[in-house]
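Fold and contact review
Okay, here's what each chain looks like letter by letter:
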Amino acid sequence: MPSFNQSIFHPAVFFLTGIPGFETYHAWISIPFCCLYAVAITGNGMILFVIITEPSLHEPMYYFLSMLSCTDLGLCLSTVVTILGIFWFNAREISFDACVGQMFFIHGFTFMESSVLLAMAFDRFIAICNPLRYATILTNSRIIKVGFAVVIRGTTALVPLLLLLKRLSFCRSHVLHHSYCFYPDVMKLSCTDTKINSAFGLSIVISNAGVDSVLILLSYVLIIHSVLSIASPEERKKAFGTCVSHISAVAIFYIPMISLSLVHRFGKHTPPLVHTLIANVYLLIPPVMNPIIYSVKTKQIRKAVLKIFLSKLI
């Protein structure tokens, strides 16, 4: 009897979900997922490689871009095993401790990416609004400090949050709505009071992604004000052109994240398929699209990538 109670109130495993209603097609569905993971891992790896090996890219803007690629790689590697395991082997079980570990990496890399996007917005603000002091403000030592701050800020608050999760009791269904462990999804399965968990989790999201998004918006208000004061239309176009890649990266990061948060908070009667699709978009679209955006829109990155491909062909 004690072991029965223990298995109910402190689950040994959770059960992940693939694509609800399409279980018989999981083998076929795995093909586009494999392609997306391959593009994300290869693309971000290529961005890192060209920034490291190309001396002309050893500048603050590209250092921040390399941080963005690192967070995207981390996000992909945190989930590739569980998602493809479901599609290929129907391996839906995940232990409670493994689930907590996966949440730490998923949410940690998410908060890190938000911080990196804020740092990149600051980089664009300095480059456009105060170009003469750009090199003196964004020195290598300060960029290294920013990198450490991004990691510490993205992970520190998660430790007490996940410890609070471990104190909960689970006596409902142990089936999660996603192909990976997501904090609000796990918390909903608890049969004990989760007000403290919800309040603390919301405060972390607001203090990280919420504050970052407001500061990014503020930086672009100041950038637009500065650019509009430029007399030459050609110079205005050039200044705005340097921000297009970053604005696109911000949009493809925050829109899926906000959509997933709204679905979890207000979409109690939303079909499970919607939860799953939005969760996968939130997870995969930013790592896939960021390398493509920066390779297409940033001339220096594009030239460096083409240089590597041409040298391999020759």
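Now for a quick tour of the structure. (Residues numbered from 1 in each chain as written. Predicted model: local features only at pLDDT ≥ 70, side-chain atom pairs only at ≥ 80, totals over all residues. Heavy atoms only, no water.)

So, about the environment of Gly85. As for its position among the elements, Gly85 is in helix 3 (residues 60-89). The class of Gly85 is buried, set by a relative accessible area of 9%. For the pair Gly85 and Ser259, spaced 174 residues apart in sequence, the C-alpha to C-alpha distance is 26 Å. Ignoring any residue separated from it by four or fewer positions in sequence, one finds Gly85 in contact with Val80, Asn90 and Ala91. (Helix = DSSP H or I, 4+ residues; strand = E, 2+ residues; numbered from the N terminus. Buried < 20%, exposed > 50% of the residue type's maximum accessible area, 1.4 Å probe, protein only. Contact = heavy atoms within 4.5 Å.)

We now examine the state of the cysteines. On inspection of all chains with the given rule, the structure shows one disulfide. Residue pairing for Cys99: its cysteine sulfur links by disulfide to Cys181, the two sulfurs lying 2.0 Å apart. Judged by the sign of its S-S torsion, about -125°, the bond between Cys99 and Cys181 is left-handed. Placement of the pair is Cys99 in helix 4 (residues 96-129) and Cys181 in the loop between helix 7 (158-166) and helix 8 (183-187), with a sequence separation of 82 residues. The exposure class assigned to Cys99 is buried, which follows from its relative accessible area of 0%. By relative accessible area, Cys181 is classed as buried at 0%. Considering cysteine sulfurs only, Cys76 is the nearest to Cys70, which forms no disulfide, with 12 Å between them. Looking at Cys70, the relative accessible area reads 41%, which means it is partly exposed. On the basis of relative accessibility, which here comes to 2%, the residue Cys76 falls in the buried class. (Disulfide = S-S within 2.5 Å.)

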